[in-house]
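One-letter residues, chain by chain:
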Amino acid sequence: MKVSLKYYTIKYMIVILLLIIAVWAALFYAYILDEVYDNVDDGLKDRKIQIIKAVYHDPKLLDSKDFGFNEFKIKPISESEYKDKSRFYNKMFYMEYDDKDQPYRVLETDFIDQFGKRQRLEIRTSTVEQDELVYDLTTALIVLYILLVISIVAVNGYLLNKAMRPFYAILDRLKKYQFGISSSQEAQRYAIKEFEELNIEIEEMIDRNELVFHQQKQFIENASHELQTPLAIVINKIDLVIQNDDLDRKHMNFLSEVKGDLRRMAGLNKSLLMLSKIENSQFNKTEKVDFNEMISELVKSYEDFIEFKKVHVSIIEKGFFGADFNPDLAGILLSNLLKNAVKYNIEEGVVNIIIKDNELIFQNSSNGIPLDEAQIFNRFYKQGSDHSSTGLGLSIISTITKQYPGWDIVYKFEEKMHCFILSKNNAGLS
């Protein structure tokens, strides 16, 4: 699934931020504990000095065998147990208020009292509960993470939308751009250097493409027109020669075949020129077209061809098919569909033209063999072995439908009949 640039960056930013916060939380937790123990240890060291001084002034304190109100106790030790250095450690003690064990920091130190006896002093003080600290820290970090994510999404989304606005403008212009259609938009200038360079490069690319497009279009039109004239002249000359009574049947057949090939070449040239004009968007003018009426008129104009092919044509109106369309392209589209259905039919076959609100269906009888759905709309694809066909009729139909978003033409083989289904979106004439 594709996502926009801002959501793509935010997605990775959220994951990276989560990892950073997790590492930061572990380091912060270790640092806080170290600071807490350091401060507690400093306090215990100070109390040690104060208690030892108090013992020298009041020997009764040497009888403090248990932790009491002052949170220290003194007990005599032997010479072998005596240690010069103070020791710190953590230990759990029962706390009556909470009715459970709580963590304490304990300082253990040895000293010699005023009577020359060795004593061991233990001082304790309550410290933070690590599990509670972890819980509180985790809760705070989760809240912080959620707030950070919301803030990043909001701020980053706003800033990216603002920063990427020129990009979307350029992209929108490219989407609307068509060869041969001049744009009325004024030249844009952008404050962001990269977008300004992109815009300049696109402007230059469009100018180059337009130049090549116009040169190519002019060449195709000139070449096509130049070919049509000599082809017509040659065909007319062949007609004159054929009318000569001195020709034998062999030469007559030969000239007829040449004339047929020339006519096919002229039709191919005309079809290629038409394809070029359609693809180059030279039929841009649109108006409301009544396809129902146009189909009826086409069937009437093709009556001689239909009778010659001995085909029965039926128009079945189940709705009104209308749309904003170029009338010339609409005529070419329907004419090719009708000629295809009549020409490639069986003797005494039928053609059904079913008109719905959003569909036109051209059905024609077949010999029972379906066509290749993957190739049917390709250029120069021929149905059967008909040498008179240019193989461009259905390609022209497909090219025309592609000029209108939401339109489509598909081929299906149903109940031994070829079906060409032209469908459109609902944005047309109703």
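This is a predicted model, so every value here is computed, not measured.

A.B. asks: Describe the overall build of the protein chain, and please don't skip the residues or the numbers.
C.D. replies: Broken down by element type, the protein chain carries nine helices and 11 strands. Taken across its 430 residues, the protein chain has 35% of its residues classed as buried. Summed over all atoms, the accessible surface of the protein chain reaches about 27,400 Å², with 56% contributed by carbon and sulfur.

A.B. asks: I'd like a rundown of the nonpolar core, residues and numbers included.
C.D. replies: One broad trend across soluble globular proteins is that nonpolar side chains are buried collectively. Among the nonpolar cores identified, the biggest contains 40 residues, and Phe291, Phe325, Ile353, Leu360 and Phe420 are the most heavily contacted of them. Secondary-structure elements contributing two or more residues to this core are helix 6 (291-301), strand 7 (322-325), helix 8 (327-343), strand 8 (350-355), strand 9 (359-365), helix 9 (393-402), strand 10 (408-414) and strand 11 (417-423). The element best represented in this core is helix 8, accounting for nine residues. With residues near it in sequence (within four places) discarded, Leu360 still touches Phe291, Ile295, Phe321, Leu334, Ile354, Ile355, Phe420, Ile421 and Leu422. Residues Ile51, Ile74, Leu107 and Leu121 belong to the second largest nonpolar core, which totals 11 residues.

A.B. asks: How would you summarise the environment of Gly157 if you had to cite specific residues and measurements?
C.D. replies: Locating Gly157 in the fold gives a position in helix 2 (residues 130-163). Taking relative accessible area as the criterion, Gly157 reaches 10% and is therefore assigned buried. Sequence separation of Gly157 and Thr9 is 148 residues, and the distance between their C-alpha atoms is 10.0 Å.

A.B. asks: Can you break down the pattern of salt bridges residue by residue, with the values?
C.D. replies: In the structure shown here, the tally under the stated rule is eight salt bridges. The shortest N-O distance in the salt bridge between Asp41 and Arg105 comes to 2.8 Å. Here Asp41 is found in helix 1 (residues 5-57), whereas its partner Arg105 is found in strand 3 (residues 100-112), with 64 residues between them in sequence. Arg105 carries the same exposure label as Asp41, and that label is buried. Of the charged contacts, one joins Glu108 and Arg87 as a salt bridge, the two residues approaching to 2.9 Å between their closest N and O atoms. Here the residue Glu108 occupies a position in strand 3, and Arg87 occupies one in strand 2 (residues 87-95), the gap between them amounting to 21 residues. Arg87 sits in the buried class, given a relative accessible area of 18%. Beyond isolated ion pairs, a larger network of salt bridges with shared partners links Arg87, Glu108, Asp110 and Arg120.

A.B. asks: Which residues make up the packing of helix 8 against helix 9, and what values go with them?
C.D. replies: At their nearest, the axes of helix 8 and helix 9 sit 9 Å apart, and the two run at 145° to each other. For the crossing formed where helix 8 meets helix 9, the hand is left-handed. Contacts from Leu329, Ile332, Leu333, Asn336, Leu337 and Asn340 of helix 8 reach helix 9 at Gly393, Leu394, Ile396, Ile397, Ile400 and Thr401.

A.B. asks: I'd like a rundown of helix 9, residues and numbers included.
C.D. replies: Within helix 9, eight of the 10 residues are buried, which leaves the element mostly enclosed by the surrounding structure. Every buried residue belonging to helix 9 is among Leu394, Ser395, Ile396, Ile397, Ser398, Thr399, Ile400 and Thr401, and all of these are buried.

A.B. asks: Give a description of the sheet that holds strand 3 that names residues and reports values.
C.D. replies: Spatial strand order, 1-4-3-2: four strands in an open sheet with antiparallel pairing. Looking along the sheet, the strands with just one partner apiece sit at the ends: strand 1 (72-76) and strand 2. When the angles between neighbouring strand axes are averaged without regard to direction, this sheet yields 30°.

A.B. asks: Residue-level account of the sheet that holds strand 9, with values.
C.D. replies: Strand order in the open sheet formed by five strands is 6-8-9-11-10, with mixed pairing between adjacent strands. One side of each edge strand has no neighbouring strand; the edge strands of this open sheet are strand 6 (312-317) and strand 10. On average, each strand axis in the sheet is tilted by 15° relative to the strand beside it, whichever way the strands run. Sheet topology places strand 9 next to strand 11; seven bridges connect them, and they run antiparallel. Across the sheet, residue Leu360 finds its bridge partner in strand 11, namely Leu422.

A.B. asks: Would you mind going over the environment of Leu137 in detail, with residue names and values included?
C.D. replies: Position of Leu137 relative to the elements: it lies in helix 2. Overall, the relative accessible area of 15% leaves Leu137 in the buried class. Sequence spacing of Leu137 and Ala25 is 112 residues, and the spatial spacing of their C-alpha atoms is 7.9 Å. Contact partners of Leu137, with chain neighbours within four places excluded, come to Ala25, Phe28 and Tyr29.

A.B. asks: I'd like a description of the pairing of strand 3, backed by residues and values.
C.D. replies: Strand residues, when the strand is regular, have side chains that alternate between the two faces of the sheet. Across the 13 residues that make up strand 3, a large majority, 10, are buried. When strand 2 meets strand 3, the two strands line up antiparallel, connected through nine bridges. Bridge pairing in strand 3 links Tyr94 to Asp101. Counting the residues between successive antiparallel strands, the hairpin from strand 3 to strand 4 (residues 118-126) contains five residues, one of them, Gly116, with a positive phi of roughly 85°.

A.B. asks: Pulling in residues and values, what's your account of the packing of helix 6 against helix 8?
C.D. replies: Pairs of packed helices are described in terms of their axes, by the angle between the two and the distance that separates them. Taken N-terminus to C-terminus, the directions of helix 6 and helix 8 make an angle of 55°; their axes are 10 Å apart at the nearest point. Classified by the interaxial angle, the pair formed by helix 6 and helix 8 is oblique. The crossing of helix 6 and helix 8 is right-handed. Contacts between helix 6 and helix 8 pair Phe291, Met294, Ile295, Leu298 and Val299 from the former with Pro327, Ala330, Gly331, Leu334, Ser335 and Leu338 from the latter. Broken down by class, the residue content of the contact of helix 6 with helix 8 amounts to nine nonpolar, two polar and no charged.

A.B. asks: Describe a negative patch on the surface, with residues and values.
C.D. replies: A cluster of like negative charges, contributed by Glu194, Glu197, Glu201, Glu204 and Asp207, occupies part of the molecular surface. If you trace the backbone, Glu204 turns up in helix 4 (residues 193-242). Of the residues examined, Glu204 reaches a relative accessible area of 37% and is grouped as partly exposed.

Cut-offs applied
Residues numbered from 1 in each chain as written. Predicted model: local features only at pLDDT ≥ 70, side-chain atom pairs only at ≥ 80, totals over all residues. Heavy atoms only, no water. Helix = DSSP H or I, 4+ residues; strand = E, 2+ residues; numbered from the N terminus. Buried < 20%, exposed > 50% of the residue type's maximum accessible area, 1.4 Å probe, protein only. Areas by Shrake-Rupley, 256 points an atom, 1.4 Å probe, with all protein chains shown as cover. Core = buried A, V, L, I, M, F, W, Y, C linked by side-chain atoms within 4.5 Å. Contact = heavy atoms within 4.5 Å. Salt bridge = Lys/Arg side-chain N within 4 Å of Asp/Glu carboxyl O. Axes fitted to C-alpha atoms, helices over the stretch in contact; angles between N-to-C directions. Left-handed = near helix turned anticlockwise from the far one by under 90°. Pairing = 2+ DSSP bridges. Parallel < 35°, antiparallel > 145°, perpendicular 65-115°, else oblique. Nonpolar A, V, L, I, M, F, W, Y, C, P; charged D, E, K, R; others polar. Patch = residues over 30% accessible without salt bridge, like charges linked within 9 Å, V, L, I, M, F, W, Y side chains within 5 Å. Lys, Arg positive; Asp, Glu negative; His and termini not counted. Charge placed at Lys NZ, Arg CZ, Asp CG, Glu CD.

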